[in-house]
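A closer look at the structure
Spelled out from the first residue to the last, the chains are:
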Amino acid sequence: MKQGLFIGVDIGGTHVSAALVNTQTGDIVGDIQENIVNCNGTSTEILQSWEQTVKNVLLQTETRLRSSEIPEYHNIKNELTQNVTDNVEGIGIAIPGPFDYKNGISLIEGVQKFDALYAMNIKESFRKHLYNTSLRSSTPTFINDASAFALGEYYAGAAKGSAKALIITLGTGFGSAFISNGELLQTATGETPDNGYLYNIPFGESIADDYFSTRWFVEQWNLKTGMAIAGVKEIVQLAEEKNKDALDLFEVFAENLSQFIYPWLNRFNPEAFVIGGNIAKASRFFLKNLKEKLNKKGILSTIIKTGELWDKAPIVGAAMYARSLCYDGLKDYVSGFTIDSVSNKWRKSTQFLAPEKSIETMQGAYDIYPAFPMPTATIESGAEALAHWISRHKKVVIDGYTGIFWHHLIESLQLEFLKKEIHVRWFHVDAAMRPPDEIDRLIAPYLGGDDPLFGKITDKKLTDWFYKEKLEKIKPDTTDEISILVGCGAALAGWDAPLIYIDLPKNELQFRMRAGTATNLGADKTDDNRLMYKRSYFVDWRVLNEHKCNILPKINLIVDGQRPDHLLMMSGDNMRRGLDEMSRNFFRVRPWFEPGAWGGTWMKSKIGGLNHETVNLAWSFELMVLENGLMFENDGYRLEISFDFLMYHKYKEVLGDCAERFKYDFPIRFDFLDTFDGSNLSVQCHPDNDYAKNKFVMPFTQDETYYILDCRQVASVYLGFRDGIDPDKFHKTLTQSHEHGIEVDIEKYVQKHNAHKHDLFLIPNGTIHASGKDNLVLEISSAPYIFTFKMYDWLRLDLDGKPRPLNIEHGMKNLRFERQGDRVVDELICKPVKIKEENGLILEHLPTHNEQFYDIYRYSFDREISIETNNKCHVWMLVEGSSIMLETASGMKQRFNYAETFVVPASAISYKITNESTSRAIMVKSFVKSF
């Protein structure tokens, strides 16, 4: 049975006090325990004084409750458990800011107190030292000291019984809290300010904090008399002696406070207005005057008084706050969500989370989790293994991608450390990060304003997200405890320590964003998925990937973070050795699949292991450097890292003769567009090279081809304009359709061509095009993939029930209207050229457009073919047949199945492909042309 016993703690600059609170009544139970705090001491000295005070409360509680010395508990004695302190349900801690109250991280720096705690996770420090007490399973909660004071007075002091109260504290600073029905109001409305803070509201010649704090009295006294004083206490003494200057100062103070507070009292209309803090102890010199001035302004129904609990108020308030969170859902307070490996509510997708253990795929069946084989004993699993690795070091840095659940990671590791009695200090690099509004201003030029889809590639660096001087203040602890610095960008702090990097696949990052459990780098949460993706593509991924590139050689341990409760890891050396082997042999990225407005059924019906309950599948991202990952396999485990790691590590070996032209940007993209039983793609075009560079800062544009991997008997592709197209009429028709919902007979403007299996349609930039329904298109393209200017979308809604954004004006600036009439068939429908036919092999050249930098060849063979790379990177797909076996010059072998995309790097030099099918194999190969 819950008794409502909570410990409240009040942390000040020079002291700490704590007591047991009966939160059912608001009464303090027993004596208040106090300790002196050396705010300029070491972290150990400060924390020990805090933690010992709490332990003293527990010890007193155990002793007094057992002996029944506390009258209030005579009536519940029989209901107490054998271990009496087990009845203490939690702990609330009041502490001054700046402080990350939700996560328990100290942000205090530069004020000559608690500097040793800057960026430290105080919550975990408390949990560690209370692990062997009755509070081992409770999570400490934190609250601003002024807010705690307000809650104490609200529940048990001067505002008790009031539904609404405005409570302020006047001391070294100006604190405030707006409370309604027991809830701290922290959202800005017409009645209340943001976070309930009044200190930063403009007043007079500056802000309120400059007028309603001790320093105002000190400064004004000096101006008035020319004499220096330490604080308000001296002015009070003079006022007691009827000193006119002192009394006049309190008169001015009352006038200022009445002018400032009146609008808030008038709008909020509280039942009680309570004044606390050290200045309130001089209320006999200003309170009556303040009441009269407010009454004259019309504040008549609000009770105006000073606090009653004084120093007890923050203790009571902190305990009441802890109670409210304990009873209303602490997990939501701690991390915003609960990690549930069964429901996966922390990710929003109909596609399955990649399994920790590999599942063998039958020959001929498409493998949705392809992996590169690694030597034995290289991949380890679980938080216990990660904690063991960390425990071998005195200090460790854990960096990682945005979207990592850092607090869940810390809680998981901390539990392992506590089991083994290993003491750890946690530090958070986020403490040095600029606030979201400042970051918003920093990146605004790259987000394209109101454009819902397009911005331009940023040139900012990850260091721009942080205050350099604050990064330098995050220092490892000097005690024997292990210091761990965590967070996205942690390596920037410059610790001389082993580096762990936690990677996250882009698909899982997007699924977390859609679920509201992840957001952009340094941003406030938003439910605008399109904005989050735009910001990710043009800003976040660019700066984070460059950061990964910079630290790749220094990574000591790589961790796959997509399964929060099932981490996989291997050494940085093994990762780099694995990438070396890939760059000399082959690789296949892990594809991922997405539904869409026009999506079909081919992939759902032909590819095993997918969630067939999803509404459709429109895309498969087969080979995209920005969004795909690479899996390593060892002992059944499949650990995934991002594709770009390979490019950063070995781009020359992968790309060969075009390496310096493209560098880290893998130039060729393969993906599937599935319209089987679906509908047409939008009518669209892509930007020319100059437009892509000048408008979006892209190094090259999005030139495409459609290879028809499969189709129904009647299928089509929209490509090129009809002869005699009138650009102005076309523009006007599209605009009217978009503005007024008018259906367009698109075939009056755009040609429609029959599509057959193995046809190739060429779509150089500026070409109007769309796939018709009942196709499975293998899109072979240059690497960019989001620069699609949709101009007509058949008046349909997206899967979210909203229209997809159109880009008519972008499109009109890029359309090549000369691609019309017979010229379309002559130039844009590929005509294969047979190069040779011998020994069961037919080799065809499928020539691409002269504006497209990649080429395509098709091989049809019975048994085996041998290939030389000639210093070119080859991208392959088996488009007819069941499977092939690849064997490289170094002797590595790998099977690839129908419709799987794989890459043979330029440094493989030579390789052979053996047909394992009972019929002829047909394969397409793409590579960058020689220039």
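Residues numbered from 1 in each chain as written. Predicted model: local features only at pLDDT ≥ 70, side-chain atom pairs only at ≥ 80, totals over all residues. Heavy atoms only, no water.

**Some thoughts on the overall build of the protein**
We count it as follows: A run of H or I in DSSP becomes a helix once it reaches four residues, and a run of E becomes a strand once it reaches two; helices and strands are each numbered from the N terminus. In this scheme, a residue with accessible area under 20% of its type's maximum is buried, one over 50% is exposed, and one in between is partly exposed, where area comes from a 1.4 Å probe on protein chains only. Should any heavy atoms of two residues lie within 4.5 Å, those residues are considered in contact. What sets the accessible areas is the Shrake-Rupley method with a 1.4 Å probe; for residues, cover comes only from the shown protein chains.
Along its length, the protein carries 23 helices and 45 strands. Taken over 931 residues, the protein has a buried fraction of 60%. Across the protein, contacts joining residues at least 24 apart in sequence account for 74% of those joining residues at least 6 apart. Counting every atom, the protein has about 37100 Å² of accessible surface; 47% of that belongs to carbon and sulfur.

**What to know about the sheet that holds strand β39 (residues 864–868)**
This is how it is decided: Only when DSSP finds a minimum of two bridges between them are two strands counted as paired. An axis is simply a line fitted to the C-alpha atoms; with a helix, the fit covers only the stretch in contact. Between two such axes, the angle follows the N-to-C directions and lies from 0 to 180 degrees.
Across the sheet, four strands lie side by side as β39-β44-β41-β42; this open sheet has antiparallel pairing. For this open sheet the edge positions go to β39 and β42 (893–897), each flanked by a neighbour on one side alone. Neighbour to neighbour, the strand axes of the sheet diverge by 25° on average, direction disregarded. Note: strand β41 (residues 883–888) against β42, five bridges, orientation antiparallel. Residue pairing for β42: Ile884 is matched across the bridge by Phe896.

**Details of the packing of helix α5 (residues 232–240) against helix α6 (residues 244–268)**
Stated precisely, the cut-off is as follows: Note on convention: the crossing is left-handed when the near helix lies turned anticlockwise from the far helix by less than a right angle, right-handed when the turn is clockwise. Under this grouping Gly is polar, as are all residues other than the nonpolar Ala, Val, Leu, Ile, Met, Phe, Trp, Tyr, Cys and Pro and the charged Asp, Glu, Lys and Arg.
At a closest axis distance of 7 Å, the pairing of α5 and α6 adopts a crossing angle of 115°. Between α5 and α6 lies a crossing of left-handed hand. Facing Val232, Ile235, Val236, Leu238 and Ala239 of α5, the residues of α6 in contact are Ala246, Leu247, Leu249 and Phe250. Here the residues of the contact of α5 with α6 sort into nine nonpolar, no polar and no charged.

**A closer look at the nonpolar core**
Convention followed: We define a nonpolar core as any set of buried Ala, Val, Leu, Ile, Met, Phe, Trp, Tyr and Cys residues linked to one another through side-chain atoms lying within 4.5 Å.
If you look at the biggest cluster of nonpolar residues, it comprises 240 residues, and the most contacted ones within it are Ile7, Trp50, Ile390, Ile398, Phe632, Phe666 and Phe730. Of the residues forming this core, the biggest block, nine residues, is contributed by helix α15 (residues 529–551). With sequence-adjacent residues up to four places away left out, Trp50 is seen in contact with Ile11, Val16, Val37, Ile95, Phe114, Leu117, Ile122 and Phe126. With 41 residues, the next largest nonpolar core counts Trp221, Ala254, Trp264 and Ile304 among its residues.

**Digging into the confidence of the model for the protein**
The criterion, for reference: Residue-level confidence of the predictor, termed pLDDT, takes values from 0 up to 100.
For the protein, the average pLDDT comes to 93, and 95% of its residues sit at 70 or higher. Note that residues 74–82 has pLDDT below 50 and, in this model, twelve contacts with residues that lie over four places away or in other chains. Throughout residues 330–336 the model reports pLDDT below 50, and contacts reaching past four residues in sequence, or to other chains, amount to 20 contacts.

**Considering the environment of Val615**
Within the secondary structure layout, Val615 lies in the loop between α17 (602–606) and β24 (619–623). Residue classification places Val615 among the exposed positions, given a relative accessible area of 60%. Taking the C-alpha atoms as reference points, Val615 and Gly596, separated by 19 residues in sequence, lie 8.7 Å from one another.

**Some remarks on the pattern of salt bridges**
Heads up, the condition is: Salt bridges are counted wherever a side-chain nitrogen of Lys or Arg sits within 4 Å of a carboxyl oxygen of Asp or Glu.
For the structure shown, the criterion picks out 56 salt bridges. With a closest N to O distance of 3.7 Å, Asp503 and Lys548 form a salt bridge. Separated by 45 residues along the polypeptide, Asp503 in strand β20 (residues 499–503) and Lys548 in helix α15 bring together distant segments of the chain. The class of Asp503 is buried, set by a relative accessible area of 1%. Residues Arg804 and Asp793 are paired through a salt bridge, measuring 2.9 Å at the closest nitrogen-oxygen approach. A residue pair is termed long-range when its members are at least 10 positions apart, and Arg804 in the loop between β35 (789–792) and α22 (808–812) and Asp793 in the loop between β35 and α22 qualify at eleven residues. Of the two residues examined, Arg804 and Asp793, each falls in the buried class. Shared partners join several salt bridges into a network, and the residues in it are Glu384, Glu416, Lys419 and Lys420.

**What about the side chain of Thr848?**
This is how the line gets drawn: For the purposes of these results, a polar contact is taken to be a pair of N or O atoms within 3.5 Å, where, inside protein, one atom must be able to donate a hydrogen and its partner to accept one; residues adjacent in sequence count only when each atom of the pair is a side-chain atom.
Checked against the element boundaries, Thr848 lands in the loop between β37 (841–846) and β38 (854–861). A relative accessible area of 12% means that Thr848 is categorised as buried. A distance of 3.1 Å separates polar atoms of two side chains, one belonging to Thr848 and the other to Lys929.

**Some details on the environment of Gly175**
By secondary structure assignment, the location of Gly175 is in strand β9 (residues 174–180). Residues within four places of Gly175 in sequence aside, it is in contact with Ala146, Ile167, Ile168 and Thr169.

**Describing the sheet that holds strand β26 (residues 637–642)**
Pairing within the open sheet is mixed, and its three strands lie in the order β15-β25-β26. Each end of this open sheet is capped by a strand with a single partner; those strands are β15 (372–373) and β26. By the bridge criterion, six bridges tie strand β25 (residues 629–634) to β26 in an arrangement that is antiparallel. In the sheet register, Glu633 faces β26, and the bridge partner there is Arg638. Taken strand by strand, helix α16 (residues 572–584) contacts β15, β25 and β26, and its axis lies near 110° from that of β25.

**Focus on helix α18 (residues 644–655)**
As a reminder, the rule being used: What a helix should span is 1.5 Å times the count of its residues minus one.
Given a rise of 1.5 Å per residue, twelve residues ought to cover 16 Å, yet the end C-alpha atoms of α18 are separated by just 13 Å, more than 12% below that figure. Looking at α18, one finds that the buried residues are Asp644, Phe645, Leu646, Met647, Tyr648, Tyr651, Val654 and Leu655. Just past α18, the residue Gly656 takes up positive phi, approximately 65°.

**Quick notes on the pairing of strand β8 (residues 164–170)**
The element β8 is largely enclosed, with a buried count of six among its seven residues. As paired elements, β8 and β9 share seven bridges and run antiparallel to each other. Directly across from Ile168, in β9, lies its bridge partner Ser176. Here β8 folds back onto β9 in antiparallel fashion, the turn holding three residues. Here β8 pairs with strand β13 (residues 272–276) via five bridges, running parallel. Looking across to β13, one finds that Ala165 is bridged to Ala272.

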